[in-house]
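Spelled out, the chains give:
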Amino acid sequence: MTAPRRILPVSDRALLVEEADLAGAMRLHAALSEADVPGVHELVPAARTVLVRFDPLRVTAGRLREILETLPAPDVPAGHGPTIAIAVRYDGEDLADVAAALGVSVDELVARHSGASWRVAFTGFAPGFGYLVGDDPLFDVPRRASPRTRIPAGSVALAGPYSGVYPRESPGGWQLIGRTDVPMWDLRREPPALLAPGTRVRFEAVERPMPTGRMVPAPTPSRARMPVVGPHAVEVVSPGAQLTVQDGGRSGHARWGVSRSGAADRRALRAANEAVGNPPHAAALELAGGGAVLRFRGPGVVAVSGAAMDPVLVHPDGDVLPLSHAAPAPVQTGDELHLGPARAGLRATIAIRGGLALTPVLGSLSSDTLADIGAREVGGATLAAGCVLPLRGPSAVRTAVEPAPPPPPSLPAPGDVVVLRIVLGPRDDWFTPSARESLVGREWTVTPRSDRVGMRLEGDTPLARAVVGELPSEATVAGALQVPPDGQPVLFLADHPLTGGYPVIAAVVDADLDLAGQLPAGARIRFRMLTGRVTG
């Protein structure tokens with residue numbers, strides 16, 4: 001008997017639909033893609049689930065639940081999606097061990113892997129990484145007992161019923177059977193990901209793999225090559241603890257394994273942009289921890305919001321001008337903006353009138369530190385000393401508005417206690433009743449092992465599991481509280497992975513994510529269960 005479809009809460013802006021198996025999830029994803037449900041703006045399929053992100057202003061969670069419960073999911077046509085040929089040299093480190101574990105010879109393993117028909121069921125883990133399922137029942141391979149710390153890009157691997165190709169060098173626990181020169185993720189292509197859900201794949205055994213697939217070459221500046229700089233620019237003299245470019249994020253690319261990313265504190269981004277007359281989601285600089293120095297070329301206007309870092313402008317003649325929170329200040333050639341260590345909060349946003357004259361990647365300039373995606377000219381996620389970023393200049397703003405600066409926000413310092421509201425689910429039933437009580441009944445401390453991907457928390461009592469099995473990979477959201485085996489939760493932030501294999505007990509509501517992005521190491525959190533309507 002087929003298990004009934006389950007609708008699980010994920011956050012105040014997402015639901016998780018669980019089917020009986022992978023085939024059911026694939027059918028549901030295809031049906032939802034065709035249905036174009038009003039208010040639904042993104043779907044993320046996984047091993048047996050589909051995450052449904054929605055706009056609560058366009059559709060209520062209750063109404064969406066009704067639609068999802070009754071939506072028919074017919075069989076996906078056999079020819080669904082394009083077919084890609086991937087040339088593979090079968091010389092992986094684990095090839096012989098995998099063959100022995102499956103009870104076949106190496107030659108038979110290669111013949112059956114290359115002879116099977118594979119299809120991308122879902123993406124995740126990294127941009128361009130596709131979880132492929134095949135039509136040969138032979139392939140059900142356990143992960144390595146000890147994951148490798150470094151797997152080269154292009155490695156062809158097996159884990160469970162899936163095959164996949166690592167798009168970039170990364171750690172991983174899959175069994176390596178070969179390698180390919182075909183790039184899974186290439187910003188010179190449109191789209192940059194070779195594989196998407198529904199794509200069919202045929203592996204071809206060769207002596208020496210050569211790049212094949214849908215390649216559309218286009219010149220892309222290297223990481224070391226900086227853009228041509230005009231009369232308006234900002235130079236990174238010192239990047240501080242971490243300096244990145246952030247805007248409103250890049251939504252709508254989950255099918256290629258790319259998360260939204262964007263500003264960790266969206267309120268700070270809006271405040272700084274409004275102060276200099278930019279659109280509210282225009283790209284700005286986000287500084288974590290403090291300690292940066294920026295030097296300006298050409299006249300302009302700058303504003304700093306977010307964490308308290310005591311910003312000052314140092315003029316070439318040595319005069320020092322302290323800056324108020326989110327207040328516009330004029331700059332001239334040679335002026336330097338100095339930001340000290342954060343006294344309260346964690347991240348400051350620096351906006352410059354006219355914005356950054358950089359080339360977007362997938363419609364955004366945001367730096368994704370997990371995927372290592374950034375503006376094309378920067379070539380990566382973080383800015384280093386010596387980077388010179390071209391500016392559009394103050395004349396790019398038609399009407400510069402200089403409102404009275406807002407009062408500085410009340411942001412936490414190390415040792416302060418903050419309250420974050422949460423929605424339980426989708427896997428709260430994987431934890432004991434005492435663990436659910438501990439989640440909201442105790443304080444959790446932000447550890448130094450935190451970044452834009454996630455905030456590692458520490459509590460006196462680890463969260464105990466009621467279900468000890470392995471959770472099939474499923475989609476995650478910003479704000480998710482994922483719990484690894486040690487029982488200490490990780491709060492996912494802007495650059496979180498698209499999918500994960502540890503259960504999520506709850507998620508911080510969207511309205512509290514800006515505060516979460518400002519929590520420094522040593523701050524303490526009390527989670528409060530959400531009741532009633534969410535307000536900002």
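A short tour of the structure in this document, coming up.

What counts and what doesn't
Residues numbered from 1 in each chain as written. Predicted model: local features only at pLDDT ≥ 70, side-chain atom pairs only at ≥ 80, totals over all residues. Heavy atoms only, no water. Core = buried A, V, L, I, M, F, W, Y, C linked by side-chain atoms within 4.5 Å. Buried < 20%, exposed > 50% of the residue type's maximum accessible area, 1.4 Å probe, protein only. Helix = DSSP H or I, 4+ residues; strand = E, 2+ residues; numbered from the N terminus. Contact = heavy atoms within 4.5 Å. Salt bridge = Lys/Arg side-chain N within 4 Å of Asp/Glu carboxyl O. Pairing = 2+ DSSP bridges. Axes fitted to C-alpha atoms, helices over the stretch in contact; angles between N-to-C directions.

**Quick look at the nonpolar core**
- By size, the foremost hydrophobic cluster in this structure holds 32 residues, and its most contacted members are Leu285, Leu337, Leu339, Ile350 and Leu383.
- For this core, the secondary-structure elements that each account for two or more residues are β14 (233-239), β15 (242-246), β16 (284-288), β17 (292-297), β18 (300-308), β21 (329-331) and β23 (344-352).
- With residues near it in sequence (within four places) discarded, leucine 337 still touches Ala292, Val293, Leu294, Phe296, Val302, Val304, Pro311, Val312, Leu313, Leu323 and Ile350.
- If you look at the next biggest cluster of nonpolar residues, it comprises 28 residues, including Tyr90, Val98, Val104 and Leu158.

**Let's talk about the pattern of salt bridges**
- Enumeration over the complete set of coordinates arrives at 33 salt bridges.
- Notably, a salt bridge pairs arginine 427 with glutamate 18, separated by 2.7 Å at the nearest N-O pair. Separated by 409 residues along the polypeptide, arginine 427 in the loop between β25 (417-424) and α6 (433-441) and glutamate 18 in strand β2 (residues 14-18) bring together distant segments of the chain.
- Residue class for glutamate 18 comes out buried when judged on its relative accessible area of 8%.
- Its salt-bridge partner being arginine 347, residue glutamate 286 comes within 3.7 Å of it at the nearest N-O pair. Of the two residues, glutamate 286 is situated in strand β16 and arginine 347 in strand β23; the sequence distance between them amounts to 61 residues.

**Some details on the sheet that holds β25**
- Pairing in this closed barrel of 7 strands is mixed, and the strands run β25-β32-β29-β30-β27-β26-β33 around the ring. Strand after strand, the sheet turns through a mean of 40° between neighbouring axes, direction not considered.
- Pairing of strand β26 (residues 443-450) with strand β27 (residues 454-458), which is carried by 3 bridges, proceeds in the antiparallel orientation. Counted as the bridge partner of serine 450 is methionine 455 from β27.
- Here α6 sits on the sheet in contact with β25, β26, β29 (480-482), β32 (504-508) and β33 (524-529), set at roughly 120° to β33.

**A short note on unusual backbone geometry**
- Along the chain, glutamate 190 connects to proline 191 via a cis peptide bond; the corresponding omega equals 0°.
- Among the secondary structure elements, proline 191 is positioned in the loop between β12 (175-179) and β13 (200-205).
- The peptide bond linking glycine 425 to proline 426 adopts the cis configuration, its omega dihedral lying at 5°.
- Backbone geometry at aspartate 310 places phi at a positive 50°, although glycine is not the residue there.
- With respect to the helices and strands, the residue aspartate 310 is situated in the loop between β18 and β19 (312-314).

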